[in-house]
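Listed below are the residues making up each chain.
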Amino acid sequence: MTDTPEVRAAQPWWRAAVFYQVYPRSFADGDGDGIGDLIGVREKLGYLELLGVDALWICPVMRSPMADGGYDVSDPRDIDPLFGGMAAMDALLAEARARRIKVTMDLVPNHTSSEHPWFAAALAAGPGSRERDRYLFRDGRGPAGDEPPNNWPSIFGGPAWTRVTETDGRPGQWYLHIFAPEQPDLNWENPEVAADFEQTLRFWLDRGVDGFRIDVAHGMAKPEDLPDMPELDVSRLLAHDANDPRFNNPAVHEIHRKIRKVLDEYPHAVSIGEVWVDDNTRFGEYVRPDELHLAFNFRLAEVRFEAAAIRDAIENSLAAVEPVGASPTWTLSNHDIEREVTRYGGGAAGVARARAMILVELALPGAVFLYNGAELGLPNVDDLPEEALRDPMWERSGHTERGRDGCRVPMPWEGDAPPFGFTTGEPWLPMPPQWAALTADKQLEDLGSTVSLYRMAIELRGTRPEFRGSELEWRHSPQGCLEFRRPGGLICVVNTSPDPIPLPPGEFLLASMPLASGRLPADAAAWLVRVDTIT
Ligand code: ISL
């Protein structure tokens, strides 16, 4: 469908929005305790406005003992004091609104913290109780009940079951936790669970948030009888397998329909699901008109800098949502994934390729999700000292998986030495001294920097008519290169080959690297405007 300016104006704000993901612990620390907070986010709204993003996705800031960086929620309707409490959230919402930046929160419906009052009540109430029914408690297997109820592994390593001690001091039932033991899975068949989540949705929407990112949106429903996994291949623990009974059970769609009914009462609000489902048809089911508005498609975040793989990721992401009429989404990285500079090989080539890929991503139709620090071209930090690691995966895997801290190192803002203005205290993860060259302050002054490229690209995408239309047309291009066009007249070319290539005819808009004698160098991308659409 080629959209006219009128059609575009009538579309919801999120359909082609640029979202910026804030990992609050690592973004900016406003109170000097070494951990980022919402006071810090508010202080940086000017920077985000300059960057030109439409909306924020803020990772969980609700009350939490922080066993998994806030994805273990003990009170979903309060802001943790570590992040500045409710006052900091209200101040952030007010100032973001004044600057016309939308704010979406991250909600965690699949599990609670083991310190949630419901879980304490479940432990106290004993087997068969109404309190236990809000979670997935089962008797163990074997004559003494000392084996887990099934063979499911946890995503973070070890079994997905933990045995509790009953109030009489005896070993008792087991409870399911797909993630850490501090994150017991909720039983979504219990109506109290859905009712409580509805209350949480309304609570934040009434306070002025513009929507939600829904954590593990493919995980809330569990299969009846919790059957064993067909095969237990440890090397595939983190892979998303169509036969994995832990995820993507059909009953999950009824849950999304319920959530959507609530959101429909707040027509401005958006829901974005974290959906790790590879099959295009199954993926598309999550964004049917009465389910989620958007779902993360991670294909582009999983491929290397290689033309055929990039094209395949784009084509599949488009194909997954096309039959249900949903908007595609694009992301190169997030707080769970190795940063793209490193994924593309690191060093100067890694940065060049990441710069090329942001032009590819921002040339695509649909919503784009940028992860904080990507705009500075930050690499993963893979040499964090072992004693600094905080991801539960490190302990749970028996120190075999270092986990995700390498992509969560705090943002370098200014100055020549750590902590680079991130905090006045000790940053919660050590920051590399080499990041002195990558601070936001330095890059904002340099037109050739990665942050300047982001700014120019986001502005062009938001203002130029050439970005109109939801279709992509692929054009023939040299080996190792890609060229696609948008109906509005945009041409995007990317060169993953080792040699410079000539550019197609058109008016030059922007390139990720200076052209060499009019040619596009290796590891670069460019935007042009089709000659016949220039007025
Ligand atoms: O589902 C998976 C594989 O099929 C996993 O990749 C899983 O979806 C993913 O790890 C979920 O991540 C989210 O929930 C976690 C939290 O640790 C992550 O940070 C968050 O993004 C538990 O709440």
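Residues numbered from 1 in each chain as written. Predicted model: local features only at pLDDT ≥ 70, side-chain atom pairs only at ≥ 80, totals over all residues. Heavy atoms only, no water.

A. View of the sheet that holds strand β15 (residues 481-485). One open sheet holds the five strands; their spatial order is β14-β15-β16-β20-β18, and the pairing between them is antiparallel. Because the sheet does not close on itself, it has two edges, and the strands there are β14 (473-475) and β18 (507-511). Between one strand axis and the next, the sheet turns by 25° as a mean value, whatever way the strands run. Along the sheet, helix α10 (residues 307-321) makes contact with β14 and β15, crossing β15 at roughly 30°. This element, helix α15 (residues 450-463), spans β18 and β20 (524-529) of the sheet and lies at about 135° to β18. (Pairing = 2+ DSSP bridges. Helix = DSSP H or I, 4+ residues; strand = E, 2+ residues; numbered from the N terminus. Axes fitted to C-alpha atoms, helices over the stretch in contact; angles between N-to-C directions. Contact = heavy atoms within 4.5 Å.)

B. Spatial organisation of a negative patch on the surface. Residues Asp133, Glu189, Glu224 and Asp225 make up a contiguous surface patch of negative charge. Structurally, Glu224 can be placed in the loop between β9 (211-214) and α7 (252-263). Classification of Glu224 as exposed rests on a relative accessible area of 70%. (Patch = residues over 30% accessible without salt bridge, like charges linked within 9 Å, V, L, I, M, F, W, Y side chains within 5 Å. Areas by Shrake-Rupley, 256 points an atom, 1.4 Å probe, with all protein chains shown as cover. Salt bridge = Lys/Arg side-chain N within 4 Å of Asp/Glu carboxyl O. Lys, Arg positive; Asp, Glu negative; His and termini not counted. Charge placed at Lys NZ, Arg CZ, Asp CG, Glu CD. Buried < 20%, exposed > 50% of the residue type's maximum accessible area, 1.4 Å probe, protein only.)

C. Examining the site of the ligand more closely. In the vicinity of the ligand there are 18 residues, among which Asp68, Asp215, His218, His335 and Asp336 approach most closely. Glu274 places a side-chain nitrogen or oxygen 3.1 Å from an oxygen atom of the ligand. Between the ligand and Asp336, the relevant distance is 2.5 Å, taken from an oxygen atom to a side-chain nitrogen or oxygen of the residue. Protein chains bury 96% of the 510 Å² of accessible surface belonging to the ligand in isolation. Looking at the shell around the ligand residue by residue, the classes come out as six nonpolar, five polar and seven charged. (Near = heavy atom within 4 Å. Polar contact = N/O pair within 3.5 Å; in protein donor to acceptor, adjacent residues only side chain to side chain. Nonpolar A, V, L, I, M, F, W, Y, C, P; charged D, E, K, R; others polar.)

D. Spotlight on the side chain of Arg339. Mapped onto the fold, Arg339 is located in the loop between β12 (329-331) and α11 (340-343). Although Arg339 is buried, it makes no salt bridge; Glu340 carries the closest opposite charge, 5.4 Å away. Among residues more than four places away in sequence, those in contact with Arg339 are Ser333, Tyr371, Asn372, Gly373, Ala374, Leu378, Pro379, Asn380 and Cys407.

E. Looking closely at the packing of helix α4 (residues 85-98) against helix α6 (residues 191-207). Viewed as axis vectors pointing N to C, α4 and α6 meet at an angle of 55°, and their least axial separation amounts to 11 Å. As summarised for this structure, α4 and α6 are arranged oblique, according to the angle between their axes. On the side of α4, the interface is formed by Met86, Met89, Asp90, Leu93 and Arg97, while α6 contributes Phe203, Trp204 and Arg207. The residue makeup of the contact of α4 with α6, split by class, is five nonpolar, no polar and three charged. (Parallel < 35°, antiparallel > 145°, perpendicular 65-115°, else oblique.)

F. The packing of aromatic side chains, seen in detail. All told, the structure shown has 20 aromatic pairs when counted by the stated rule. Members of the aromatic cluster, each reached through a chain of ring pairs, are Trp13, Phe19, Trp57, Trp276, Phe296, Phe298 and Phe369. Of note, Arg25 hangs over the ring of Trp428, and the distance from its end group to the ring centre comes to 4.5 Å. Sitting above the plane of the Trp413 ring, Lys44 keeps its charged end 4.1 Å from the centroid. (Phe/Tyr/Trp six-rings, centres within 6.5 Å; stacked < 30°, edge-to-face > 60°. Lys NZ or Arg CZ within 6 Å of the ring centre and 35° of its normal.)

G. Structural view of the sheet that holds strand β5 (residues 102-107). Strands sit in the order β11-β10-β9-β5-β2-β1-β13-β12 across an open sheet of eight strands; the sheet is parallel. Of all the strands in the sheet, just β11 (294-295) and β12 have a single pairing partner and so form its edges. Pairing between β5 and β9: three bridges, direction parallel. By the bridge assignment for β9, Met105 is matched with Phe212.

H. Quick peek at helix α12 (residues 347-362). Compared with the 22 Å implied by 1.5 Å per residue over 16 residues, the 23 Å span of α12 between its first and last C-alpha is a close match. By the burial criterion, the buried members of α12 are Gly350, Ala352, Ala354, Arg355, Ala356, Met357, Ile358, Leu359, Val360, Glu361 and Leu362. (Expected span 1.5 Å × (residues − 1).)

I. Broad picture of the pairing of β9. Of the two faces of β9, the one holding Gly211 and Arg213 and the one holding Phe212 and Ile214 are both buried throughout. Alignment of β9 against strand β10 (residues 270-273), held across four bridges, turns out to be parallel. Of the residues in β10, the one forming a bridge with Gly211 is Val270.

J. Inspection of the side chain of Arg260 at higher detail. Relative to the assigned elements, Arg260 resides in helix α7. A distance of 3.3 Å separates the side chain of Arg260 from the backbone oxygen of Pro289, its partner in a polar contact. What Arg260 contacts, discounting residues up to four positions off in sequence, is Arg288, Pro289, Asp290, Glu291, Leu292 and His293.

K. Region of the structure containing the pattern of salt bridges. With the rule as written, the count across this model stands at 35 salt bridges. The closest approach of N and O atoms between Arg288 and Glu291, which form a salt bridge, is 2.9 Å. On the basis of relative accessibility, which here comes to 25%, the residue Arg288 falls in the partly exposed class. Salt-bridge contacts for Glu473 lead to Arg475; the nearest nitrogen and oxygen are separated by 3.4 Å. On the basis of relative accessible area, Arg475 is assigned to the partly exposed category, the value being 35%. Beyond isolated ion pairs, a larger network of salt bridges with shared partners links Asp68, Asp336, Asp391, Arg404 and Arg408.

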